[in-house]
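Each chain, letter by letter, is given below.
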Amino acid sequence: MTVRTRFAPSPTGFLHIGGARTALYNWLYARKHGGKFVIRVEDTDAARSTDASQSIILDGLRWLGLEWDEGPDAGGDNGPYFQSQRHEIYQAYLQKLKDSDLVYDDDGAVRFRVPDKEITVNDAICGTVTVNLKKTGSTRWDPEAKKEVEANPDIVIRRPDGSFIFHFVNVVDDIEMGITHVIRGEDHLSNTPKHIALYEAFGSDLPTFAHIPLNLNKDGSKMSKRDQGALIHEYIENGFLPAAVNNYMALLGWSSGSDRELYFSLDEILEDFDLKGVNSSNSKFDFEKCKWMNAEHIKALPADKFLQRSAPFLESEGIDPKDSRVPACLELARERAETLADITKVILPVFTDNLEYDQPSVEKVVSKDGMAEVLSTLATHLAECGDWTTDGIKASIQAAAESLDLKMGAFMFPCRVATMGSTAGADLVPMLELIGQDRVVSRIRDFKEKYLS
RNA sequence: GACCCGUUCGUCUAGCGGUCUAGGACUCCGCCCUUUCACGGCGGCAACACGGGUUCGAGUCCCGUACGGGUCGCCA
């Protein structure tokens, strides 16, 4: 049997980290077992579905590298891959239930008779769950009245307007598309007995169910689109690497059993991935760790890929990625960047003379006694430097310091602030080399002029 | 409220009855490296929710309680 998994997004918003992780696990499982990964767009809610949302979701999946074998743009033999285009199929399946007398009309809606028996879900992650839909569905919690009210346990599968309900179309499509493994969020575990009842009503074989635990906020609340780290497009915009996001998502709820935490590609995850390593408890999202992981990925990125990934961020700051100084700059920034967006900030002093001076840093420097002399001495020595290399520059700073009988450290901070605008930033001497002799000297003189005269 | 699932450092987790005085990672703190900021190296703080069983022995198995999450829609 060929493994077939699917991710079935509803195009009503952004690609959420939880959805992306579900897609990732489905992708991993399919690839791991030589199977197919299918995308099906669940756009039955015409009022809320939009093309823009669909693009965001599919682009997000592509960015992560979760390519699908069948689905929108990819085609396939089990389409259409949009529920809005599958009405006839649903009608045919409804007819089957009618023929078996398993449905009835209720005020224009169609209800499916749930069986009065124990239904057992054999979940690959959660174990065995047994429920009797007739019993547990016979009452309903009314949030308004805050009490149990009588309810009809039979589930509505078609609305009076003829449109079909999620539980029904989801099962029909999974049957029609030959889905063998349903990997989805644990929020669907309680719905699964309903789905099993439908499978049985159609006389279809059950897929393997695997409900993965949910991701919550750090305070334990449900993650919503407003929460930091919740939306995939934010990772794209903020300079995360897709491999790092995959790495983090994979480890949120799954462990290989070893201490290994860094996986630099989907292929590497694939080697270790196994549904057995998926936890059964919810996890809380830790954006700090996610950033750390991204930093590790940046450190490990080959130079050409690094340049390629950084290019859009450089351009947005007006830096030409083809500039001959860029590769050296990137290497300088690499060790201290958590995101690609950080990189441009670090290397900006090389590319612009319009520096933004960090006020606390400036205060720290100008408040020191004798700073005017330090700066002018420094400028003079650097102007006279005949060997503008890291060694030559270092020697000049050293000479400047000695001429005033001061330690070199006393010169490093002022030099850093005057030429780079802040006490923080990339390695000073290589940065000076890249900025260039004339610009360095004039920056120091201008700085002195501006703040110490 | 009913039903379902879960519970190891603040967080992600290892652990599948003795090797656990509970291991790794993030965060935080200290030290070292560094004539700067980082990076890096070393070290430290910090957990088996609680109560009963079962067992020679329980983080590991069972039951209960507490807590957390989910489902209970003519949303998906």
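Residues numbered from 1 in each chain as written. Chains lettered and ligands numbered in written order. Predicted model: local features only at pLDDT ≥ 70, side-chain atom pairs only at ≥ 80, totals over all residues. Heavy atoms only, no water.

## So, the nonpolar core
By size, the foremost hydrophobic cluster in this structure holds 50 residues, and its most contacted members are I343, I347, L378, L382, I397, L432 and I444. One finds M223, Y235, V245 and M249 within the second-largest nonpolar core, a separate group that totals 48 residues. (Core = buried A, V, L, I, M, F, W, Y, C linked by side-chain atoms within 4.5 Å. Buried < 20%, exposed > 50% of the residue type's maximum accessible area, 1.4 Å probe, protein only.)

## A look at the packing of helix 15 (residues 371-384) against helix 19 (residues 437-451)
The contact between helix 15 and helix 19 brings their axes to 9 Å, and the two run at 165°. For the element pair helix 15 / helix 19, the angle class is roughly antiparallel. Here helix 15 runs over helix 19; the crossing is left-handed. Residues A372, L375, S376, L378, A379, T380, L382, A383 and E384 of helix 15 pack against Q437, V440, V441, I444, R445, F447 and K448 of helix 19. Residue composition of the contact of helix 15 with helix 19, by class: 10 nonpolar, 3 polar and 3 charged. (Axes fitted to C-alpha atoms, helices over the stretch in contact; angles between N-to-C directions. Helix = DSSP H or I, 4+ residues; strand = E, 2+ residues; numbered from the N terminus. Parallel < 35°, antiparallel > 145°, perpendicular 65-115°, else oblique. Left-handed = near helix turned anticlockwise from the far one by under 90°. Contact = heavy atoms within 4.5 Å. Nonpolar A, V, L, I, M, F, W, Y, C, P; charged D, E, K, R; others polar.)

## Considering the layout of surface pockets
Estimates place the volume of the largest pocket at around 1300 Å³. For the lining of the largest pocket, the secondary-structure elements that each account for two or more residues are strand 1 (4-7), helix 1 (17-32), helix 5 (166-176), strand 10 (181-185) and strand 12 (215-216). For the lining of the largest pocket, the element with the most residues is helix 1, which contributes 5 residues. Looking at side-chain class alone, the lining of the largest pocket contains 16 nonpolar, 15 polar and 10 charged residues. (1 Å grid on protein atoms, 1.4 Å probe; cavity = no way out; pocket = protein on both sides within 12 Å on 5 of 7 lines; lining within 4 Å. Points joined across faces, edges and corners; volume = space filled by probe spheres on them.)

## Notes on the packing of helix 17 (residues 409-420) against helix 19
Orientation of helix 17 relative to helix 19, taken along the N-to-C sense of each, is 100°, at an axis distance of 8 Å. One way to sum up the angle between helix 17 and helix 19 is to call them roughly perpendicular. Contacts between helix 17 and helix 19 pair C415, V417, A418 and T419 from the former with V440, R443, I444 and F447 from the latter.

## Here we look at the domain arrangement of chain A
Parsing chain A into structural domains produces domain 1 (4-215), domain 2 (232-300), domain 3 (301-348) and domain 4 (353-453). Distance between the C-alpha centres of domain 1 and domain 2: 27 Å. Of the roughly 2500 Å² buried at the junction of domain 1 and domain 2 (both faces included), carbon and sulfur atoms supply 74%. When the buried surface of domain 1 facing domain 2 is broken down by residue, I17, Y25 and W63 rank first, second and third, together holding 27% of it. Summed over the shared surface of domain 1 and domain 2, the number is 10 residue pairs in polar contact (both at pLDDT 80 or more). Going through the elements one at a time, helix 1, helix 2 (51-64) and strand 11 (208-212) are the ones with two or more residues in the side of domain 1 that touches domain 2. Residue contributions to the side of domain 1 that touches domain 2 peak at 10 residues, all from helix 1. In terms of residue class, the side of domain 1 that touches domain 2 is built from 19 nonpolar, 4 polar and 4 charged. (Domains from an automatic or database assignment. Buried area = accessible area lost by both parts, 1.4 Å probe. Polar contact = N/O pair within 3.5 Å; in protein donor to acceptor, adjacent residues only side chain to side chain.)

## Digging into the packing of aromatic side chains
Centre distance and the angle of the planes are the two values used to describe a pair of aromatic rings. Applying the stated criterion to the full structure yields 17 aromatic pairs. Aromatic pair F447 and Y451: ring centres 4.8 Å apart, planes at 50°, arrangement tilted. Taken together, the residues F447 and Y451, both in helix 19 and 4 residues apart, mark about one turn of the helix. F447 sits in the buried class, given a relative accessible area of 2%. For Y451, a relative accessible area of 24% translates into the label partly exposed. Among the aromatic residues, ring-to-ring pairing joins Y90, Y93, F164, F168 and F202 into one connected group. Geometry around Y25 places R21 over its ring, the cationic atom sitting 5.2 Å from the centre. If you follow K364 out to its NZ or CZ, it ends over the ring of F413, 5.2 Å from the centre. (Phe/Tyr/Trp six-rings, centres within 6.5 Å; stacked < 30°, edge-to-face > 60°. Lys NZ or Arg CZ within 6 Å of the ring centre and 35° of its normal.)

## A short note on helix 13 (residues 340-351)
Here helix 13 contains 12 residues, and its C-alpha end-to-end distance of 17 Å stays within 8% of the 16 Å for a straight helix at 1.5 Å per residue. When we look at burial in helix 13, the residues that qualify are L340, D342, I343, T344, V346, I347, P349 and V350. The inward-facing, buried residues of helix 13 contact helix 10 (287-300), helix 11 (303-316), helix 12 (326-334), helix 17, helix 18 (428-435) and helix 19. (Expected span 1.5 Å × (residues − 1).)

## Some thoughts on the pattern of salt bridges
One pass over the structure, following the stated rule, counts 23 salt bridges. Across the pair D174 and R6 runs a salt bridge whose closest N-O atoms are separated by 2.7 Å. Highlighted residues: D174 in helix 5 and R6 in strand 1, separated in sequence by 168 residues. R6 matches D174 in its accessibility class, with the two residues each being buried. (Salt bridge = Lys/Arg side-chain N within 4 Å of Asp/Glu carboxyl O.)

## Quick notes on the pairing of strand 5 (residues 118-123)
Across the two faces of strand 5 the burial differs, with I119, V121 and D123 buried and E118, T120 and N122 not buried at all. Pairing of strand 5 with strand 6 (residues 127-132), which is carried by 6 bridges, proceeds in the antiparallel orientation. Each residue of the ladder has a partner; that of D123, found in strand 6, is G127. Hairpin connection of strand 5 to strand 6: 3 residues between the antiparallel strands. (Pairing = 2+ DSSP bridges.)

## Points about the protein's contact with RNA strand B
Residues in contact with RNA strand B amount to 64 residues; listed here are only the nearest, R140, R159, R336, R416 and D427. Within 4 Å of the protein, the contacting atoms of RNA strand B are drawn from sugar and phosphate to the extent of 68%. Between RNA strand B and E42 there is a distance of 3.4 Å, counted from a sugar or linking oxygen to a side-chain nitrogen or oxygen. Between a sugar or linking oxygen of RNA strand B and a side-chain N or O atom of E261, the distance comes to 2.3 Å. (Near = heavy atom within 4 Å.)

## Topic: the pairing of strand 10
Among the 5 residues that make up strand 10, 5 are buried, leaving the element largely enclosed by the rest of the structure. Two strands pair when backbone bridges link them, and strand 10 and strand 11 are joined in this way by 5 bridges, in the parallel orientation. From the neighbouring strand, V182 faces strand 11, where its bridge partner is F209. Taking the sense of rotation as the criterion, the β-α-β connection linking strand 10, helix 6 (residues 192-202) and strand 11 turns out right-handed. (Right-handed = clockwise from strand over helix to strand, strands pointing away.)

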